[in-house]
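Residue-level listing of the chains:
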Protein chains: 2
Amino acid sequence: MTTRKKSMLVLGMMSGTSADGIDVALARISGRVPKLSVTLEGHHHAAFPVPVREAILRLANGGSTTAAEISQLNVLLGEEFARAAISACRSWRVPLRRVSLIGSHGQTIYHQGTPSNFLGHPRLSSTLQIGEPSVIAERTGVNTIADFRPADMAAGGQGAPLVPFVDYLLYRHPTRSRAALNIGGIANVTVIPAHAKPKDVFAFDTGPGNMIVDALVEAFTRGRSHYDKESGMAMRGRLLPNLLNELMEDPYLQKQPPKTAGREQFGRAYALKILTWAKKHRAKPEDVVRTATIFTSLSIANAFQRFILPRTKIDELIVSGGGVRNPLMMVYLAAILGFPVIFSGELGIKPEAKEALAFAVLAYESYHGRTNNLPSATGAKHSAILGKLVHGRER
Amino acid sequence: MTTRKKSMLVLGMMSGTSADGIDVALARISGRVPKLSVTLEGHHHAAFPVPVREAILRLANGGSTTAAEISQLNVLLGEEFARAAISACRSWRVPLRRVSLIGSHGQTIYHQGTPSNFLGHPRLSSTLQIGEPSVIAERTGVNTIADFRPADMAAGGQGAPLVPFVDYLLYRHPTRSRAALNIGGIANVTVIPAHAKPKDVFAFDTGPGNMIVDALVEAFTRGRSHYDKESGMAMRGRLLPNLLNELMEDPYLQKQPPKTAGREQFGRAYALKILTWAKKHRAKPEDVVRTATIFTSLSIANAFQRFILPRTKIDELIVSGGGVRNPLMMVYLAAILGFPVIFSGELGIKPEAKEALAFAVLAYESYHGRTNNLPSATGAKHSAILGKLVHGRER
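Residues numbered from 1 in each chain as written. Chains lettered and ligands numbered in written order. Predicted model: local features only at pLDDT ≥ 70, side-chain atom pairs only at ≥ 80, totals over all residues. Heavy atoms only, no water.

Peer 1: Describe the nonpolar core, and please don't skip the residues or the numbers.
Peer 2: If you look at the biggest cluster of nonpolar residues, it comprises 82 residues, and the most contacted ones within it are I29 and F148 of chain A together with I29 and F148 of chain B. Sorting the residues of this core by element identifies β1 (7-15), β2 (21-30), α5 (163-171) and α14 (354-367) of chain A together with β1 (7-15), β2 (21-30), α5 (163-171) and α14 (354-367) of chain B as the ones contributing at least two each. When sequence neighbours within four positions are dropped, the list of residues in contact with F148 of chain A reads G103, S104, L162, F359, L362, A363, N372, L386 and G387 of chain A. In terms of nonpolar packing, the next biggest core, distinct from the first, is built from 80 residues, I70 and L76 of chain A together with I22 and Y110 of chain B among them. (Core = buried A, V, L, I, M, F, W, Y, C linked by side-chain atoms within 4.5 Å. Buried < 20%, exposed > 50% of the residue type's maximum accessible area, 1.4 Å probe, protein only. Helix = DSSP H or I, 4+ residues; strand = E, 2+ residues; numbered from the N terminus. Contact = heavy atoms within 4.5 Å.)

Peer 1: Lay out the relation of the copies chain B and chain A with the relevant residues and their values.
Peer 2: When chain B is fitted to chain A, the best match, at an RMSD of 0.0 Å, comes from turning it 180° and sliding it 0.0 Å along the axis. Put plainly, the chains are arranged around a two-fold axis. (Least-squares fit on C-alpha atoms with pLDDT ≥ 70 in both.)

Peer 1: Please provide a residue-by-residue account of the interface of chain B and chain A, values included.
Peer 2: With 54 residues of chain B in contact, the opposing surface of chain A contributes 54 residues. At the boundary of chain B with chain A, total buried surface from both sides reaches about 4,300 Å², with 64% on carbon and sulfur atoms. Linking chain B with chain A are two salt bridges, by the criterion used here. Of the charged contacts, one joins E132 of chain B and K388 of chain A as a salt bridge, the two residues approaching to 2.8 Å between their closest N and O atoms. Elements with a minimum of two residues in the side of chain B that touches chain A: α1 (50-60), α2 (67-92), β4 (101-118), β5 (121-130), α3 (133-140), α4 (149-154) and β12 (388-390) of chain B. Take the side of chain B that touches chain A: its biggest share by element is ten residues, from α2 of chain B. Across the side of chain B that touches chain A, the residue classes break down as 25 nonpolar, 20 polar and nine charged. (Buried area = accessible area lost by both parts, 1.4 Å probe. Salt bridge = Lys/Arg side-chain N within 4 Å of Asp/Glu carboxyl O. Nonpolar A, V, L, I, M, F, W, Y, C, P; charged D, E, K, R; others polar.)

Peer 1: Pulling in residues and values, what's your account of the pairing of strand β4 (residues 101-118) of chain A?
Peer 2: All names here are of chain A. In terms of burial, β4 is a largely internal element, 14 of the 18 residues being buried. Across five bridges, the pairing between β1 and β4 is parallel. Bridge pairing in β4 links M13 to S104. For β4 and strand β6 (residues 144-146), the ladder comprises three bridges, and the chain directions are parallel. Bridging across to β6, G103 finds its partner in I145. With seven bridges joining them, β4 and strand β5 (residues 121-130) adopt antiparallel strand pairing. Along β5, the bridge assignment pairs Y110 with L128. Two successive antiparallel strands, β4 and β5, enclose a turn made up of two residues, where L119 displays a positive phi of approximately 45°. (Pairing = 2+ DSSP bridges.)

Right under this line is the structure:
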């Protein structure tokens, strides 16, 4: 996909709801839609120090805090993102001065997509990403665009999902209908019918991704493991049909899209509910983890059957995110769905790099003053230019 | 000050530490230094609803909160700033589409200019302004630049004071040495020697502005008054020399500039200390308020005598901010200092509009990609382009 047009090296950075660290993707981008060219040139992961991760999760789980703590954590995460960018470039032997732009998602510590009453305002929704972009721009010297979600929300959207816009740019196809599924903490899907226009694309969070399984494994191993490596624990267990039935009754799964999910739905409180059930029924950890794994696959398959396949056929499912490393989850998903499952890596996009890459593309569009949300996915009343530009230090 | 160059209408918005509401200034700006032309075309004040002000002050005073509350309050204040901009333009009969740019300071809920240890990072300082600019840009349709302080801090500065840069642009004079004093919640001064270059300018917070007197009046009147109108209460009282002596021993006053003050030094805890003293000594409210008023004047005069006059003569003092409406404070100040005191209004800048106007000018410089901090005032290691640009909705 080379082009004679001038290309830009753009860094995308993302830390997901699991808050395990920062994914950094290096993209070479040129042209514009419909001639946009995006190639992934590098991927790097930088883990958060343990106390930082703990502070993020405590705040994201609704813990009591102060303006001081959020202010300090915002800047500290800015330093972490800057460090991740710098060490990523070092590992790829790409000098920072060759990078033209950084797109940083930041770290979500709160997201409320549906409005509620707040201090007399009847319909207020909001989102809060931290990881100060001024720190990133200063340390790297690179123009940085960050904080994409609030502008979509201001335009009446849910501020999520944002990646479908990029899925649309990357995966639309003249004759094949595709679905792009990302299994991070939460699982989300973008449906791109053959020859789709932006308004034909739709997307939503299907429900949990790795979030529940991760939380259970962390609890059962008393923090020694943060995820079920190669489905090892689930493989040793047996399905608990009663638990599965209870989980499948979750109202989120029945809700019509567009809909977004987060730690509010499937976070610590949810995992605690399962752990309480397990204790009451004296269930084995392996059985609980297997059941949660299968529930996750089923909740995704369920979303296809209820909300996607009645509207369009699907020729290919392109999967990205940490979930691709969970073989049991993948096997169940493919078996239930019955159409070809492709890992995004096969299309040149390493699954773990996908979301970070998306923020490089979103920043590229914002930098050129082009709208970069997908109202059909977020529910926004109109398209908007998302992101806030901070100037890099003059070099 | 007309110019043939193309001029821009820029809105500046500011809510200070007292959190009583939003000042909106409309500036017509053209050219660039040294031919920059700035004229104030309008000023408007929009009060915050009482519950909003209470929530701000609770957070700013270190009260316990959650990420959810800060997230929601950030968006709610964005709506308040947007509403203030819209009603200001309506009151001036200036259509929003004629406004080219908005500069919004936001509302500070935390500011720590000097570094401390945080989660293993040995030297972290930070600042947190809320009032989501994406909401302002969406509701007004105008490109909005906000959140100026973090970039100065990332460059090693204290993130404050920012207004001295604008004082320098507005007030520098070939033969007169000037000091610009703003008495808001906190009092700050910018010293601009005759024929000064940027590095010759220095600035710092002298200490309390109206913050202490306001808090005392609010306590003594059980919230019926928020400030001492026309010094009425102080005028009826007598000076308490013992209290004044105690207050004058405050270590902040002795500290060498550059230095910044805020609610951390002179907020609720400070007022409570005075109220405790008053109770213990059975002091009359009028006497306490008079003493606090005189203390404020003395703390400013003291700063001139210790830190300014040894370095440069001063030909004129230009005063702005709510403090100019406190006659007793002004009389004492002029009497002690002994050089001409000019209200900024006499130079075409309504005192209450001064800080808001400054953020219009800071945004104008940022928009044109020009640095807009004054390292000699903030302590930053280098000059930087402050502010984050959010695109207005396409119109």
